[in-house]
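This is what each chain is made of:
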Amino acid sequence: KPMEGRISDIGPRKYDEFFPPVIKNNFGKWLYHEILEPGVLMHVAESGDKCYTVRVGGTRTMSVTHIRELCDIADKFCNGCLRWTTRSNIEFMVDSEEGMKALRDELNSRTFDGGSFKFPVGGTGAGISNMVHTQGWIHCHTPATDASGPVKAVMDALFDDFKSMRLPAPMRIALACCINMCGAVHCSDIGLVGIHRKPPMIDHEWTDQLCEIPLAVSACPTAAVRPTKIEHDGKKINSIAIKEDRCMYCGNCYTMCPALPISDGEGDGVAIMVGGKVSNRISMPKFSKVVVGYIPNEPPRWPTLTKTVKHIIEVYAANANKYERLGDWAERIGWESFFKLTGLEFTHHLIDDFRDPAYYTWRQSTQFKF
Ligand code: SF4
Ligand code: SF4
């Protein structure tokens, strides 16, 4: 029996405490919404109430100063309410058109030293919203590419499409810095995936000291890792052997054993996948397919990756029908035509090796052997 007055759950407070009044009053009673202009949505409720949302681009990592400024804007216009979306966009909500216009103009007027926008308004409808992305070189242990770096470079090149809606349909892009894919790469119009092309290095001197060898063995999804004994400094020691043919470079064994580092300057890079989506408009939701097998990491601005993504989007924009997502367009014209129109090279690295005939198509598996 719970003790009276005892607080047994100190988790987050209930979400509806944080609703703006117009959301609270009309919860579950919304009729429809429209996009009034890039970055501005209007939701209309059964009661006739309207909620205007202004969406601005954010970053995955923000300074406290930047967040304070966002909160000051929310205090000034929105009773202190604002929300973050899964794409690191920030949404401000107000209940009148005049309020929306004043808020939008204020956001557009805030710049870095009179230069680029601090809070660019956009990311809605048939444009490019912010990229979903993962942790990158600093914050995870298995990345094959960075996250914030290539995302910043790619979004800089696509910025005009963040602020407009000239594309045939929404364009959603994601980046995952390894094939564990913490980002929504498999179901995005364009997915950028970090890939390793070499198996983990084995630091025999440390395997038995830093690792539980059975854990590293059982962590491997393809049974490529086995325990072994090797000669080291004149003694037999316990270590690990990796069967390279079976390794799909996932890095799981490194998660279990720090003596199996997998990052490699030459082997690592990025693959591009296209055609995924979660929407069921025109066609069912679908997985994306690999259309570029490997692009080397080119920090700090990833020029080849950026140019290739921009090129795919321009070819899609020039050829797709209105409302057609990238994958719907490619399927309507045929993937052969997709490769012809984009000029991307079709190589054997793109052929899938699944056994099931349903998957005899471009590579969707984790096997990116080179
Ligand atoms: Fe780490 Fe891979 Fe996730 Fe990137 S995608 S954060 S490397 S597990
Ligand atoms: Fe197995 Fe993945 Fe390690 Fe390769 S990287 S040995 S597939 S766990």
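Before reading further, recall that the structure is shown in the block above.
Given the structure is predicted, the values throughout are model-derived calculations rather than measurements.

Turning to unusual backbone geometry, a few remarks are in order. A cis amide bond links Pro299 with the next residue in sequence, Pro300, at an omega value of 10°. As for its position among the elements, Pro300 is in the loop between β12 (289–296) and α9 (303–319). Residues other than glycine seldom take positive phi values, yet Asn79 does so here, at roughly 50°. In the Ramachandran plot, Trp302 falls in the positive-phi region, its phi being about 40° despite a non-glycine side chain. Along the chain, Trp302 turns up in the loop between β12 and α9. On the basis of relative accessibility, which here comes to 1%, the residue Trp302 falls in the buried class.

Compared with an ideal rise of 1.5 Å per residue, which puts 14 residues at 20 Å, helix α2 (residues 64–77) spans 20 Å between its outermost C-alpha atoms and is within 8% of the ideal. Of the positions making up α2, those classed as buried are His66, Glu69, Leu70, Ile73 and Ala74. Buried residues in α2, looked at end-on, bunch into an arc of 140°, giving them a common side. Structural note: α2 exposes Val64, Thr65, Arg68, Asp75 and Lys76 on the side pointing more than 90 degrees away from its buried face. Note on α2: the residue one or two positions beyond its end, Asn79, has a positive phi of about 50°.

In the region of ligand 2, 14 residues are neighbours, and Cys220, Cys247, Cys250, Gly251 and Cys253 sit closest. Among the residues making up the shell around ligand 2, the classes are represented as 11 nonpolar, three polar and no charged.

As a further point, take the packing of aromatic side chains. Applying the stated criterion across every chain yields a total of 10 aromatic pairs. An aromatic cluster is built from Tyr316, Trp329, Trp335, Phe338, Phe339 and Phe346, whose rings are joined through pairwise contacts. A cation sits over an aromatic face here: Lys163 above Phe117, 4.4 Å from the ring centre. Looking at Lys322, its charged tip hangs above the ring of Tyr323, at a distance of 5.0 Å from the centre.

What follows concerns the sheet that holds strand β2 (residues 40–45). The strand order across the open sheet built from five strands is β1-β2-β3-β5-β4, with neighbouring strands paired in antiparallel fashion. If you trace the sheet from one side to the other, it starts and ends with β1 (30–37) and β4 (83–84), each paired once. Bridge count for β4 against strand β5 (residues 90–94) is two bridges, and the pairing is antiparallel. When the sheet's bridge partners are listed, Trp84 is paired in β5 with Ile90. Its contacts with the sheet put α2 on β4 and β5, and the angle it makes with β5 is roughly 10°. Of the strands in this sheet, β1, β2, β3 (50–56) and β5 are in contact with helix α3 (residues 97–109), which crosses β3 at around 10°.

Okay, the state of the cysteines next. Summed over the entire model, instances satisfying the criterion amount to one disulfide. Disulfide pairing is shown between Cys211 and Cys257; the S-S distance is 2.0 Å. Residues Cys211 and Cys257 are joined through a disulfide that is right-handed, its torsion about the S-S bond being 55°. Highlighted residues: Cys211 in the loop between α6 (204–210) and α7 (213–219) and Cys257 in the loop between α8 (252–256) and β11 (269–274), separated in sequence by 46 residues. Take Cys211 and Cys257: they sit in the same class, and that class is buried.

Here is what the cut-offs are and how they apply
Residues numbered from 1 in each chain as written. Chains lettered and ligands numbered in written order. Predicted model: local features only at pLDDT ≥ 70, side-chain atom pairs only at ≥ 80, totals over all residues. Heavy atoms only, no water. Helix = DSSP H or I, 4+ residues; strand = E, 2+ residues; numbered from the N terminus. Buried < 20%, exposed > 50% of the residue type's maximum accessible area, 1.4 Å probe, protein only. Expected span 1.5 Å × (residues − 1). Arc of directions from axis to C-beta. Near = heavy atom within 4 Å. Nonpolar A, V, L, I, M, F, W, Y, C, P; charged D, E, K, R; others polar. Phe/Tyr/Trp six-rings, centres within 6.5 Å; stacked < 30°, edge-to-face > 60°. Lys NZ or Arg CZ within 6 Å of the ring centre and 35° of its normal. Pairing = 2+ DSSP bridges. Contact = heavy atoms within 4.5 Å. Axes fitted to C-alpha atoms, helices over the stretch in contact; angles between N-to-C directions. Disulfide = S-S within 2.5 Å.

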